[in-house]
Amino acid sequence: MKETTMKRGQFLRELGLSGSALMAFYCMGTTLTACSTSSDDPTPSSGGTGSSTGLTGNADTSKGTISFTLDLTNSTYSGLKTAGGFVVVGSLIIANARGTIVALSKTCTHEGTTLTYRSSQNDLYCSNHGSEFSTTGAVEVGPATRSLAVYQAQLSTDGNTLTVKA
């Protein structure tokens, strides 16, 4: 029998608990523990804008055209070398979607919630109202009706540098 794991938040959502019920659990300081010590949904990290953080260039749409490079040898971004890994960088979410690096707007087009990459479903998920997007940016499940902006992601031949452009 195959063992299945999930994160605490996903487990509670599966139980049908609303956002306010989830907040109550966290605020009460419950001692819920994860169902497993492993996870296929890594924790995202946010990158800065300087080369000391492994990011060079502009990753923030409010500051102009997206054009940046990530150093995948930097621990902040090294998870992108593994299928299922993802990071939130500036205005984007970047994921290793089953061996293909994708870069999309991190913001749900419904109400602006930051999305999460779910490797088991190979999609982007909005925890606020349940919208789901394909890795091509298309809406798969509403209430969102507009697709996500997609950016060009180019991996270097040695696999240590990722360049993302509008």
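Just so we're clear, the structure is a prediction, and the values are computed from it rather than from any experiment.

Engineer: Explanation requested: the overall build of the chain in the structure shown.
Structural biologist: Helix and strand content of the chain: two helices and twelve strands. Counting helices and strands in the order they occur from the N terminus, the chain gives α-α-β-β-β-β-β-β-β-β-β-β-β-β. With 166 residues in all, the chain has 36% of them scored as buried. Contacts in the chain between residues at least 24 apart in sequence constitute 40% of all its contacts with a sequence separation of at least 6. When the accessible surface of the chain is summed, it comes to about 9,100 Å², and 50% of that surface belongs to carbon and sulfur atoms.

Engineer: What am I meant to see in the state of the cysteines here?
Structural biologist: In a disulfide, the sulfur atoms of two cysteines are covalently bonded to one another. For the structure on display, the rule yields zero disulfides. Here cysteine 108 is not disulfide-linked; the sulfur of cysteine 126 is the nearest cysteine sulfur, at 3.8 Å.

Engineer: It is not clear to me how the pattern of salt bridges should be interpreted in this structure. Could you clarify?
Structural biologist: It is possible for side chains bearing opposite charge to pair when their charged atoms get close. For the structure on display, the rule yields two salt bridges. When the shortest N-O distance is used, the salt bridge between aspartate 123 and arginine 118 registers 2.7 Å. When sorted by exposure, aspartate 123 lands in the same class as arginine 118, which is buried. With a shortest N-O distance of 3.2 Å, arginine 118 and glutamate 132 are connected by a salt bridge. Placement of the pair is arginine 118 in strand S7 (residues 116-118) and glutamate 132 in strand S9 (residues 132-133), with a sequence separation of 14 residues. One salt-bridge network, in which partners are shared between bridges, spans Arg118, Asp123 and Glu132.

About the cut-offs
Residues numbered from 1 in each chain as written. Predicted model: local features only at pLDDT ≥ 70, side-chain atom pairs only at ≥ 80, totals over all residues. Heavy atoms only, no water. Helix = DSSP H or I, 4+ residues; strand = E, 2+ residues; numbered from the N terminus. Buried < 20%, exposed > 50% of the residue type's maximum accessible area, 1.4 Å probe, protein only. Contact = heavy atoms within 4.5 Å. Areas by Shrake-Rupley, 256 points an atom, 1.4 Å probe, with all protein chains shown as cover. Disulfide = S-S within 2.5 Å. Salt bridge = Lys/Arg side-chain N within 4 Å of Asp/Glu carboxyl O.

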